[in-house]
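Observations on chain architecture
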Amino acid sequence: MHVAVLGPTGFGGSHVCAELLAKGHQVTGISRSPEKLGTHDRYKPVPVDLQEASIAQLVEAFKSIEVIVNAYNPPAGPNLYSTTTESFLETVRKIILAVKASTPSPYLVAIGGTGSLGLGPAHPYQTVADSRELWVAYRRAVADSEAATAHMEARIGAGNPLAFRDAELPRRPHRPCYEGQPRTFRWSLSSRPSARYRPGPPRTGAYEVVRDLDPPWPRQPSATRDATSDNAYDGRLLGISAADLALAIADEVETQGKVGWHWTAVADLAEEDAPMMPAFATIGFGELCQGQLG
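Analysis parameters
Residues numbered from 1 in each chain as written. Predicted model: local features only at pLDDT ≥ 70, side-chain atom pairs only at ≥ 80, totals over all residues. Heavy atoms only, no water. Core = buried A, V, L, I, M, F, W, Y, C linked by side-chain atoms within 4.5 Å. Buried < 20%, exposed > 50% of the residue type's maximum accessible area, 1.4 Å probe, protein only. Helix = DSSP H or I, 4+ residues; strand = E, 2+ residues; numbered from the N terminus. Contact = heavy atoms within 4.5 Å. Pairing = 2+ DSSP bridges. Salt bridge = Lys/Arg side-chain N within 4 Å of Asp/Glu carboxyl O. Expected span 1.5 Å × (residues − 1). Axes fitted to C-alpha atoms, helices over the stretch in contact; angles between N-to-C directions. Polar contact = N/O pair within 3.5 Å; in protein donor to acceptor, adjacent residues only side chain to side chain.

So, about the nonpolar core. Of all hydrophobic cores here, the largest spans 30 residues; its most connected members are V5, V16, L20, V27, Y43, V69 and I249. Counting residues per element, the ones that place at least two in this core are β1 (2–6), α1 (11–22), β4 (67–70), β5 (107–112), α6 (242–255) and β10 (262–266). A total of seven residues in this core trace back to one element, the largest contributor, which is α6. If we skip the residues at most four places from it in the chain, V69 touches V3, A4, V5, L6, V16, V109, I111, I249 and V253. Judged by nonpolar contacts, the second largest core, of 21 residues, contains V46, A53, A61 and I96.

Further remarks concern the pairing of strand β6 (residues 187–191). A large share of β6 lies buried, amounting to four of its five residues. Here β5 runs beside β6; their pairing, made up of five bridges, is parallel. Looking at the pairing, L108 lines up with W187 of β6. Where β6 and β10 come together, two bridges link them in parallel fashion. Counterpart to L189 in the pairing with β10 is H262.

Let us now look at the pattern of salt bridges. Applying the stated rule across the entire model yields seven salt bridges. With a closest N to O distance of 3.0 Å, E19 and R203 form a salt bridge. Residue E19 is found in helix α1, and its partner R203 is found in the loop between β7 (196–198) and β8 (208–211); the two are separated by 184 residues along the sequence. Across the salt bridge formed by E60 and K63, the nearest N and O atoms sit 3.1 Å from each other. Among the residues examined, E60 registers a relative accessible area of 48% and is labelled partly exposed. The exposure class of K63 is exposed, given its relative accessible area of 52%. Taken together, the salt bridges that share partners define one network made up of K23, D251 and E254.

What follows deals with helix α4 (residues 132–143). A rise of 1.5 Å per residue sets the reference length of α4, with its twelve residues, at 16 Å; its end C-alpha atoms lie 16 Å apart and thus fit the reference within 8%. Restricting attention to buried positions, one finds in α4 the residues L134, W135, A137, R139 and V142.

End to end, α1 covers 17 Å across twelve residues, agreeing with the expected 16 Å (1.5 Å per residue, within 8%). Every buried residue belonging to α1 is among F11, G12, G13, S14, H15, V16, C17, A18, E19, L20 and L21, and all of these are buried. Positive backbone phi, at 95°, marks G24, one or two positions downstream of α1.

Here eight strands make up an open sheet; going across it, the order is β3-β2-β1-β4-β5-β6-β10-β8 and the pairing mixed. Each of the sheet's edge strands pairs with one partner strand only, and the pair in question is β3 (43–47) and β8. With strand direction ignored, the average angle separating the axes of adjacent strands in the sheet is 25°. The sheet contacts of α1 involve β1, β2 (26–31), β3, β4 and β5, and relative to β1 the element is tilted by about 165°. In the packing of α6 onto the sheet, the strands contacted are β1, β4, β5, β6 and β10, and the crossing angle to β10 comes to about 135°.

Before going further, it helps to spend a moment on the side chain of H40. Relative to the helices and strands, H40 is located in the loop between β2 and β3. Of note is the side chain of H40, whose polar atom sits 2.9 Å from the side chain of D41.

Right, let's get into the environment of A281. Note that A281 resides in the loop between β10 and β11 (283–284). Judged by its relative accessible area of 4%, A281 falls in the buried class. Remark: the alpha-carbon pair of A281 and G38, spanning 243 residues in sequence, is separated by 9.5 Å.

Next up, the structure:
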């Protein structure tokens, strides 16, 4: 298949590109500098500034594309949840309108954050983003994780307040980022799981899909949980490696069995939470850099 990946050099997007290439697909990378991913005989870099591009320019970039994987994220930094939010929503709006305007319209598989997942019957009408208790547990899991710290340093640099436990909790506005009815085009939204979304461990090839909800917490907390904590989420956040999430995305590209779904994928992660893999995958000269992919 001919698949476009928006944000091919980012954390998630680079692993998706590598997985799609490993499966034999033709991949077009669309971003400001897509050539940074590397070279491959089935990889075509198309430089487009997604934030600045018009809808017409995006429609042109989407020509002959069967599936679009939107792994675009705004540049990380201390203002990620404030001044950056509006430009991010506008960029996503343009991408969706360009998908709808393309002929034929490609299947859009978007990768989102965990905040939009529901909390389940015990907390009806609430999402992860509405739960301060969960966000506190998330911040603690990030701050206490050697693997998460290494990932954040690779992505945004050491010392950024986003990486620290006491950083301000995000307060994102809830607004529609599309126009018209959501089923007027073929889409699927895969929300990353909670705090334990990591570069490693290496690809296991196994994952579980959960629809609409943040996956149920394990019955027993992890061995690293602080026994004195009264936070129900401490030590119980599920996760997945970047390589296994990329596999779940690539599988959906091929099967297209989750059209109209909001879903997430989770997998077993080692209890030993240490850096195992580089944060970003690369490709090179017709072969995948397996040492970086797992």
